[in-house]
Amino acid sequence: MKHSVTFESYVPKASVAWCQHLFENSDFDFFLARPRRTRLGDFTIKRGFRPRITVNVNLNAYNFLITYLHEVAHYIVYKKYKSTSRNRIAPHGVEWKREFRALLLPVMNEGIFPSDVLVPLLKYAVSPKASTGADQDLYNALKKHDDPSITLNKTALIHLADGADFVFQNRLFIKGEVRRTRVLCIDKVSQRRYTIPAHALVEAC
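I will try to describe carefully the structure that is included in this document. None of these values were measured; they are calculated from a predicted model. (Residues numbered from 1 in each chain as written. Predicted model: local features only at pLDDT ≥ 70, side-chain atom pairs only at ≥ 80, totals over all residues. Heavy atoms only, no water.)

### A look at the overall build of the protein chain
Inclusion rule: Per the convention used, a helix needs a DSSP run of H or I reaching at least four residues, while a strand needs a run of E reaching at least two, with both numbered from the N terminus. In this description the radius of gyration comes from C-alpha coordinates, and the expected globular size is given by 2.2 Å times residues to the power 0.38. A simple rule labels every residue: compare its accessible area, found with a 1.4 Å probe on the protein chains alone, to the largest value its type can have, and call it buried under 20%, exposed over 50%, or partly exposed in between. Any two residues whose heavy atoms approach within 4.5 Å are treated as being in contact. Note on areas: Shrake-Rupley, 1.4 Å probe, and residue coverage restricted to the protein chains presented here. For the purpose of charge, His is not counted, nor are the chain termini; Lys and Arg are scored as positive and Asp and Glu as negative. By convention, the charge on Lys lies at NZ, on Arg at CZ, on Asp at CG and on Glu at CD.
Counting its secondary structure elements, the protein chain contains six helices and nine strands. In terms of overall size, the protein chain behaves like a compact globule, its C-alpha atoms giving a radius of gyration of 18 Å where 205 residues would be expected to give roughly 17 Å. Split into buried and exposed, the 205 residues of the protein chain put 43% on the buried side. Pairs at least 24 residues apart make up 49% of the contacts formed inside the protein chain by residues separated by at least 6 positions. Put simply, the protein chain shows about 11,400 Å² of open surface, and 51% of that area lies on carbon and sulfur atoms. Mean positive and mean negative side-chain charge positions of the protein chain (31 and 19 charges, respectively) differ by 7 Å.

Following this line, the structure appears as structure tokens:
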């Protein structure tokens, strides 16, 4: 049996009905997730279970709404194309961009977003990137509405200069090449290479 969900405490008030409608008229499960350093939300599929969407519980209301709709767009693409014989759909390809724009359309207004977020969001929605953190104007606008205790002395990895040192999960890294939604980085102690999500919050050195 599908569990009940309420969005009142997590998204702007005027968007609650839209979020609730999408959940109640779909067959995915939705859960709040503890704060994660490597992702804001996710969409997962496991055989024998309903598709599952999670969003980090500590996101500000505007970021929570955008992230939720981002993941619902993945669900819609999955439902539309899972039974087709066409080539594999790219995770953030044209199909996802189209569905995400359609989901954003009903909420992209000043009754839901303040103008400092709405302006960059409208530009971002023309061709959405895989992560809001990859769009510097939108990232900066959303960050202004964060709880200061969450982002104190931290920035998104993608916004550091190439070759910059930073701390992530108590380890010292060097920022390297950006690869779509992740960044190739070098652990300064072991010299091993790791890919870290581009939107991950890190501490610059």
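### Quick word on helix 5 (residues 136-143)
Inclusion rule: To obtain the arc, one takes the directions from the helix axis to the C-beta atoms.
For helix 5, the full list of buried residues reads Leu 138, Tyr 139, Ala 141 and Leu 142. Taken down its axis, helix 5 places every buried residue within 165° of arc, on the same side. Buried residues in helix 5 make contact with helix 2 (61-81), helix 4 (115-124), strand 4 (155-156) and strand 9 (201-204).

### Some words on the environment of Ser 127
Looking at the secondary structure, you find Ser 127 in the loop between helix 4 and helix 5. By relative accessible area, Ser 127 is classed as partly exposed at 40%. What Ser 127 contacts, discounting residues up to four positions off in sequence, is Lys 97 and Arg 101.

### Regarding the packing of helix 4 against helix 5
To keep it simple, the criterion reads: Fitted lines through C-alpha atoms give the axes, limited to the stretch in contact for helices. The angle between two N-to-C directions lies from 0 to 180 degrees. Should an angle lie under 35 degrees it is considered roughly parallel, over 145 roughly antiparallel, and from 65 to 115 roughly perpendicular; all remaining angles are considered oblique. In this scheme the handedness of a crossing depends on how the near helix is turned from the far one: anticlockwise by less than a right angle means left-handed, clockwise means right-handed. Note that Gly is not counted as nonpolar here; it falls among the polar residues with everything else outside the nonpolar set of Ala, Val, Leu, Ile, Met, Phe, Trp, Tyr, Cys and Pro and the charged set of Asp, Glu, Lys and Arg.
Running from amino to carboxyl end, helix 4 crosses helix 5 at an angle of 155°, the nearest separation of the two axes being 9 Å. The angle between helix 4 and helix 5 falls in the class roughly antiparallel. Crossing of helix 4 over helix 5 shows left-handed handedness. In contact with Asp 116, Val 117, Pro 120, Leu 121 and Tyr 124 of helix 4, helix 5 contributes Asp 137, Leu 138, Ala 141 and Leu 142. Looking at the contact of helix 4 with helix 5 residue by residue, the class counts come to seven nonpolar, no polar and two charged.

### Focus: the sheet that holds strand 9
As a general point, the strands of a sheet are linked pairwise by backbone hydrogen bonds and lie either parallel or antiparallel. Where we set the bar: The pairing criterion for strands is at least two bridges between them, as found by DSSP.
Strands sit in the order 4-9-5-6-7-8 across an open sheet of six strands; the sheet is antiparallel. The outermost strands of the open sheet, each flanked by one partner alone, are strand 4 and strand 8 (193-197). Inspection of the sheet shows strand 4 paired to strand 9 by two bridges, in the antiparallel sense. Among the inter-strand pairings, Thr 155 is bridged to a residue of strand 9, identified as Val 202.

Geometry only, nothing functional implied.
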